[in-house]
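Below are the chains, spelled out letter by letter.
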Amino acid sequence: MPLGWSEFWADRLGALAVPDDSRPARVIRAERGACVVDDGARELMVTTDHLAGPTTGDWLVLTGGDVALALLPKRTAVRRAEASGTSHEQVLAANVDLVGVVVSLALEPDLGRIERMIALAWVSGAVPLVVLTKSDLASDTDQVAADVSAAAPGVDIVAVSSVSGAGLDQLRAWLLPGQTLVLLGQSGVGKSTLVNALAGSAIVATGSVGANGKGRHVTTSRELIRLPSGAILLDTPGLRGVGVVGDAEGIGQTFPEIEELIEDCRFGDCSHAAEPGCAVLAAVESGDLPVRRLESWRKLVKEAEWMARRGDARLMSEERKRWKQVNQSVRRSGSIRR
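First, a word on scope: everything that follows refers to the structure included in this document.

Reading guide: rules and limits
Residues numbered from 1 in each chain as written. Predicted model: local features only at pLDDT ≥ 70, side-chain atom pairs only at ≥ 80, totals over all residues. Heavy atoms only, no water. Helix = DSSP H or I, 4+ residues; strand = E, 2+ residues; numbered from the N terminus. Buried < 20%, exposed > 50% of the residue type's maximum accessible area, 1.4 Å probe, protein only. Core = buried A, V, L, I, M, F, W, Y, C linked by side-chain atoms within 4.5 Å. Contact = heavy atoms within 4.5 Å. Patch = residues over 30% accessible without salt bridge, like charges linked within 9 Å, V, L, I, M, F, W, Y side chains within 5 Å. Areas by Shrake-Rupley, 256 points an atom, 1.4 Å probe, with all protein chains shown as cover. Salt bridge = Lys/Arg side-chain N within 4 Å of Asp/Glu carboxyl O. Lys, Arg positive; Asp, Glu negative; His and termini not counted. Charge placed at Lys NZ, Arg CZ, Asp CG, Glu CD. Right-handed = clockwise from strand over helix to strand, strands pointing away.

Most peptide bonds take the trans form, and the phi angle of most residues other than glycine is negative. Backbone geometry places Asn 95, a non-glycine residue, at a positive phi of 60 degrees. Assignment of secondary structure puts Asn 95 in the loop between strand S7 (89-94) and strand S8 (98-104). At Lys 134, a position not held by glycine, the phi torsion is positive, near 60 degrees.

Here you go:
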């Protein structure tokens, strides 16, 4: 069936004890307590308030009566820390193969923000890809691409223009049949215009950009869009904040040169602040490591550690509350005598 179904998912469905008339369906758009899904034959809306947080890109198991029976485990998940300042996370997309970090060439690129988005992509389990849009408005595309490349080691970069069509074929080469690409970026960077250019028709609304270069939210929900090639795009609303989740591995992949330097530090518990024999600080002093990269790395590591600590504390608190409720229920049932 279309929409990225494969033997990988067939094996996971086969491992479940479900009725013979069950069938898979992919979440096209998640809403509160319900999802619009596609089962390969048609789109329909099903109630999902009894399932644990399905999101766009997930695979559901439907019964013959169109009831959502189960949610298949996510293969990949793009997550960010919620803006509430708590340890909770928001899942932006599920089961994507590529994370397109969309950056407009019409503005000076925020390299620190790009690094955050790259870390978000690596943590998801998908492959990051930087898409530089609006190349028709820039005269220094090659220089900007070089600066972005330095902030995204090992990540491919594609410069495109949705107006002239430049670079679109290069981007299409990534969009193989069954592959799912999610586009992430701020409002006004040209995500929706890019979707329309790749789809070959105006299937999503676009909006103008203000004099300050900032756009307004035109896309209001995360939705899967089928492309003529058989690939799937997942368009998302503009992201204002990009909070990192507690995953050191994703940050390490974003800053591989710093991870390599850490191995050469004299002390295993080096904080890379003022210790003698610190290879990281030595690289900064020699000019091999830009100060900006080190400061960005420190900030993301600090946030990830904070998220991990808050997450552990929250889980412990929830566990205590759960056991308190269990004990109260037991006492009310009269199973324990005082």
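In this section: helix H8 (residues 279-286). Those residues of H8 not exposed but buried are Ala 279, Val 280, Leu 281 and Ala 283. After H8 finishes, the residue Gly 287 shows a positive phi value of roughly 90 degrees.

Membership of the largest hydrophobic core comes to 41 residues, with the highest contact counts inside it found for Val 78, Val 96, Val 99, Val 130, Val 182 and Leu 184. It is helix H2 (residues 111-124) that provides the largest number of residues to this core, a total of 6 residues. If sequence neighbours within four positions are ignored, Leu 184 has contacts with Val 78, Leu 92, Val 99, Gly 100, Val 101, Val 102, Met 117, Leu 120, Lys 191, Thr 236 and Leu 239. Within the second largest apolar cluster, 22 residues are counted, among which are Val 131, Val 158, Leu 227 and Leu 233.

The next subject is a negative patch on the surface. The grouping of Glu 108, Asp 140, Asp 142 and Asp 147 at the surface amounts to a negative patch. Mapped onto the fold, Asp 142 is located in helix H3 (residues 141-151).

A few words on the pairing of strand S9 (residues 127-133). Where a strand is regular, its side chains alternate between the two sheet faces. In terms of burial, S9 is a largely internal element, 6 of the 7 residues being buried. Since S8 and S9 lie parallel, the crossover through H2 that links them has a hand, and here it is right-handed. Handedness of the crossover is the feature at issue here: the chain leaves S9, passes through H3, returns alongside strand S10 (residues 156-159), and the resulting connection is right-handed.

Shape descriptors only; they carry no functional weight alone.
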